[in-house]
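The chain contents come next:
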Amino acid sequence: MKREVVKFIIFAALVMLAPLPLKQSYLLNVLVFVGINTLLAVALNLLLGFAGQISLGHAAFFGMGAYLSGILTANFGLNPWLIIVLAAVTVGGLAFVLGFPILKLKGHYLAMATLGFGIIFYIVFNETIGLTGGPSGLPGIPNLAIGSLTFDNDLKNYYLIWGVTLLTILLCVNLAHSRIGRALRAIHDSEVAARVMGVNVRLLKVQIFALSAAISAVAGSLYAHTMTFISPTSFGFNFSVELVTMVIIGGLGSIYGSFLGAALLTLLPELLRAFRDYDIIAYGALLVFMTIFMPGGLVRGIPDLMLFLWSRLTGKRGGNAQTG
Amino acid sequence: MNLSQQILQYILSGLSTGAIYGLVGLGFAIIFSSTAIVNFAQGEFVMLGGMLSVFFLEVVKLPLWLAVPVAILTATMTGVAFERLAIRPLKQATPLSLVIITIGGSILLRGLAMLFWGKDTHALPPFSGNEPLTLAGATILPQHLWIFAVTLLVITGNKLFFYYSISGKAMRACAHNRRAASLVGIDVQRMVLYSFALSSAIGAMAGIIIAPLTMTSYDVGIMLGLKGFCAAIIGGMSSGLGTVIGGIVLGLLESFGAGFVSSGYKDAIAFVILLLILIIRPQGLFHRGESERV
């Protein structure tokens, strides 16, 4: 546990210091989105990495948070902070209710059910034009503000979003090392074994699903207030897949891995501007490549690779196939 | 047009899209029954069928009767390559990693299609003219008849293959019990390869016969694939008539939903049905339940 505290403090310090050399540059703007995506990836990792339950519909929870915040603040002028809490509770509650029937499914069926659920909400975002503005989007969402401090530039948004993200990471690290975290990993390995050991598998899966959805909704609200404009394309099937890719690339069950995955997938298209539309090819190739060659993700893959190269360089140290 | 003609029209269009969903669903079911893999890339072979035909017809300038089989063959080879390069090398083949790798494969195929052919929609010319036929007041295109004919042909062909050919019987054996099948000398890996080849061929065929009606583009595979899966789920993942009936049920519901309720929510209908069936009767409408192995 002490190691975890040290890790978290180093990570938090790096995050807090990162904007200093950047000032108001474009990169700072990208880092704001790395923050939002990290929040989402950590939330999905709770479900996918710890409990081993796939969701291909997480973009829907993200979208629900964004639209609840967007509609209620832009059109009805309600208090944004109150709405963030309300959105998290509503979306979490909805996920809790839906979770009981959906999480009964396993493997491929669960993947398809969550996918179908995500697409239904995507269609609803597009079709309820009176509320959401439909495909042309919802403009005029106010920035968040505390008293006279308005979060209206990248630097302020950076600290706001990373503040929330760091708190969530702390929560998840704690959760992972608690009795619940161990129970979740037991479910991941064998549901039957977990049940035999006295874990209430069904309830726990649904609870973690609801928590994951609620965090995603918070990310959605923050996204809406940062962008001040939202449209359905940000919450479609592709984004759900992108989120799964972040978690897989970072490493299932590794919270800092989720940050790596989110950072890589957010920065990659920005750095490779020429790629633009074709970045989707890179996602596909990355998913296939990582699943075959680095099933543990970057977090485990890179040290393994280094060790392997090291053993190659120094000769027989690794004791691999060459030495027979 | 009066109400009964309107209803007849909806039934006809529902039947033809439903037949397509059924064919796509067959592809899912064939792979699932011999490997327990749900191939999320199935829809991309439907896209490949349509796009490759357009490519061979308009760029390579082959005549239609040659472009279609060449397109099916190319799509089948792609399916085989997909199995060899992505599915077989997988060391820890958990359901999660299989879901992810087939999704990765589908994104990759879609991206490559976009890279080669761009984002435009393309139309394949109808196989035998565009002159509508009138049937009791409802109009039907010759292409619809092609769709019905090909669907019937595929169902019959499937039945003959799975029940009367040695490879088909071997594939059914793998579906029942892989270990037992390998003990009696069946090359299970080869049967897996066959099932990928067969299902990508059927998928490509579905993509080709629908292309003259709905146009085709690099991203048609997503929706067609998902609807096909929905059909297979209704049919209980059986590689026979059940899935085609499932597809037709879905096609009719969509067609009536679009006609009488709202065309914007047409696509949502399939997914609501999918969720309901997964939750209430995950074994499909025509199947009895099985106990789960631990």
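Peer 1: Mind showing me how you'd approach the overall build of chain A here?
Peer 2: Each helix and strand in chain A was counted, giving 15 helices and two strands. The C-alpha radius of gyration computed for chain A amounts to 20 Å, which stays within 12% of the reference 20 Å derived for 324 residues, consistent with globular compactness. Across its three principal axes, chain A shows a C-alpha extent of roughly 70 × 50 × 40 Å. Going through the 324 residues of chain A one by one, you find that 48% of them count as buried. Within chain A, residue pairs in contact and separated by at least 24 positions form 77% of the contacts whose partners lie at least 6 positions apart.

Peer 1: I'm lost on the overall build of chain B in this one. Help?
Peer 2: Helices and strands together make up the secondary structure of chain B, namely 11 helices and two strands. The order of helices and strands in chain B, counted from the N terminus, is α-α-α-α-β-β-α-α-α-α-α-α-α. Relative to the globule expectation of 19 Å for 294 residues, the C-alpha radius of gyration of chain B, 19 Å, shows essentially globular dimensions. Oriented by its inertia axes, the alpha-carbon framework of chain B measures out at about 60 × 45 × 35 Å.

Peer 1: Is there a simple way to explain helix H1 (residues 3-35) of chain B in this structure?
Peer 2: Residues separated by three or four positions in an α-helix point in the same direction, a consequence of the helix having 3.6 residues per turn. Taking 1.5 Å of rise per residue, the 33 residues of H1(B) would be expected to cover 48 Å, and the 47 Å separating its terminal C-alpha atoms lies within 8% of that figure. Looking at the residues trailing H1(B), positive phi occurs at B:Ala36, about 60°.

Peer 1: I would appreciate a short explanation of the nonpolar core in the present structure.
Peer 2: A general feature of soluble globular proteins is that nonpolar side chains tend to end up buried together. One finds A:Leu287, B:Ala204, B:Met205 and B:Cys230 to be the most contacted residues of the largest nonpolar core, which totals 193 residues. When near neighbours in sequence (up to four residues on either side) are disregarded, B:Cys230 contacts B:Leu250, B:Ala270, B:Ile273 and B:Leu274.

Peer 1: What should I look at first to understand the packing of helix H13 (residues 255-271) of chain A against helix H15 (residues 297-314) of chain A in this one?
Peer 2: For any two helices packed against each other, one specifies the inter-axial angle together with the distance between the axes. All names here are of chain A. Contact pair H13 / H15: the axes reach a minimum separation of 7 Å and the direction vectors enclose 90°. In terms of orientation, H13 and H15 fall into the roughly perpendicular class. Across from Tyr256, Gly257 and Leu260 in H13, the residues of H15 making contact are Gly297, Leu298 and Val299. Each residue belonging to the contact of H13 with H15 can be placed in one class, and the counts come to four nonpolar, two polar and no charged.

Peer 1: Is there a simple way to explain unusual backbone geometry in this structure?
Peer 2: Generally, phi is negative for residues other than glycine and the peptide bonds are trans, each holding for most cases. If you check the backbone angles, B:Ala36 has positive phi at about 60° while not being a glycine. As for its position among the elements, B:Ala36 is in the loop between H1 and helix H2 (42-59).

Peer 1: Looking at this model, I keep getting lost on the interface of chain B and chain A. Mind explaining?
Peer 2: Across the contact, 34 residues belong to chain B and 33 residues belong to chain A. At the level of secondary structure, the elements contributing two or more residues to the side of chain B that touches chain A comprise helix H4 (95-117), helix H9 (220-234) and helix H11 (266-280) of chain B. Looking at which element gives the most residues to the side of chain B that touches chain A, the answer is H4(B), with 15 residues. Split by residue class, the side of chain B that touches chain A holds 27 nonpolar, six polar and one charged.

Peer 1: Explain the packing of H2(B) against helix H3 (residues 64-87) of chain B to me, please; I cannot follow it from the model alone.
Peer 2: All names here are of chain B. In contact at an axis separation of 8 Å, H2 and H3 are set at 140° when each is read in the N-to-C sense. The angle between the axes of H2 and H3 places the two elements in the oblique class. When the axes of H2 and H3 are compared, the crossing they make is right-handed. Mapping the contact onto sequence places Phe45, Leu48, Gly49, Leu52, Ser53, Phe56 and Leu57 in H2 and Leu64, Ala67, Val68, Val70, Ala71, Ile72, Thr74, Ala75, Thr78 and Gly79 in H3. Across the contact of H2 with H3, the residue classes break down as 12 nonpolar, five polar and no charged.

Peer 1: Whenever I open this one, the confidence of the model for chain A confuses me. Can you help?
Peer 2: Should the pLDDT be low somewhere, the predicted coordinates at that spot are not to be read in detail. Chain-level statistics for chain A give a pLDDT mean of 88 and a share of 94% at 70 or above. Predicted confidence for residues 317-324 of chain A stays below pLDDT 50, and this span has six contacts to residues more than four positions away or in other chains.

Peer 1: Please clarify how the environment of A:Ile215 should be interpreted in this entry.
Peer 2: All names here are of chain A. Along the polypeptide, Ile215 turns up in helix H11 (residues 201-227). Note: C-alpha distance between Ile215 and Leu39 (176 residues apart in sequence) is 7.4 Å. When neighbours within four sequence positions are excluded, Ile215 is seen to be in contact with Leu39, Ala43 and Thr168.

Peer 1: What should I look at first to understand helix H8 (residues 188-214) of chain B in this one?
Peer 2: All names here are of chain B. End to end, H8 covers 38 Å across 27 residues, agreeing with the expected 39 Å (1.5 Å per residue, within 8%). Of all the 27 residues making up H8, 20 are buried; the element is thus mostly covered by neighbouring parts of the structure. Backbone geometry just downstream of H8 places Met215 in the positive-phi region, at approximately 70°.

Peer 1: Would you explain the confidence of the model for chain B in this entry?
Peer 2: Residues and elements named next belong to chain B. Across chain B, pLDDT averages 88, with 95% of residues at or above 70. Mean pLDDT across the elements of chain B ranges from a minimum in strand E1 (residues 133-135), with 81, to a maximum in H2, with 95. Predicted complex metrics record ipTM = 0.81 and pTM = 0.86.

Peer 1: Explain the environment of A:Ile36 to me, please; I cannot follow it from the model alone.
Peer 2: Residue and element names in this part refer to chain A. On the secondary structure map, Ile36 appears in helix H3 (residues 26-50). The exposure class of Ile36 is buried, given the 24 C-beta atoms found within 10 Å. Taking the C-alpha atoms as reference, Ile36 lies 17 Å from Val85; in sequence the two are 49 residues apart. For Ile36, the residues in contact, after removing those within four places along its chain, are Ile161, Ala219, Leu222 and Tyr223.

Scoring rules and cut-offs
- Residues numbered from 1 in each chain as written.
- Chains lettered and ligands numbered in written order.
- Predicted model: local features only at pLDDT ≥ 70, side-chain atom pairs only at ≥ 80, totals over all residues.
- Helix = DSSP H or I, 4+ residues; strand = E, 2+ residues; numbered from the N terminus.
- Rg over C-alpha atoms; globule rule 2.2 N^0.38 Å.
- Buried ≥ 20, exposed ≤ 12 C-beta atoms within 10 Å, placed from the backbone.
- Contact = placed C-beta atoms within 7 Å.
- Expected span 1.5 Å × (residues − 1).
- Core = buried A, V, L, I, M, F, W, Y, C linked by C-beta atoms within 7 Å.
- Axes fitted to C-alpha atoms, helices over the stretch in contact; angles between N-to-C directions.
- Parallel < 35°, antiparallel > 145°, perpendicular 65-115°, else oblique.
- Nonpolar A, V, L, I, M, F, W, Y, C, P; charged D, E, K, R; others polar.
- Left-handed = near helix turned anticlockwise from the far one by under 90°.
- pLDDT = per-residue confidence, 0-100.

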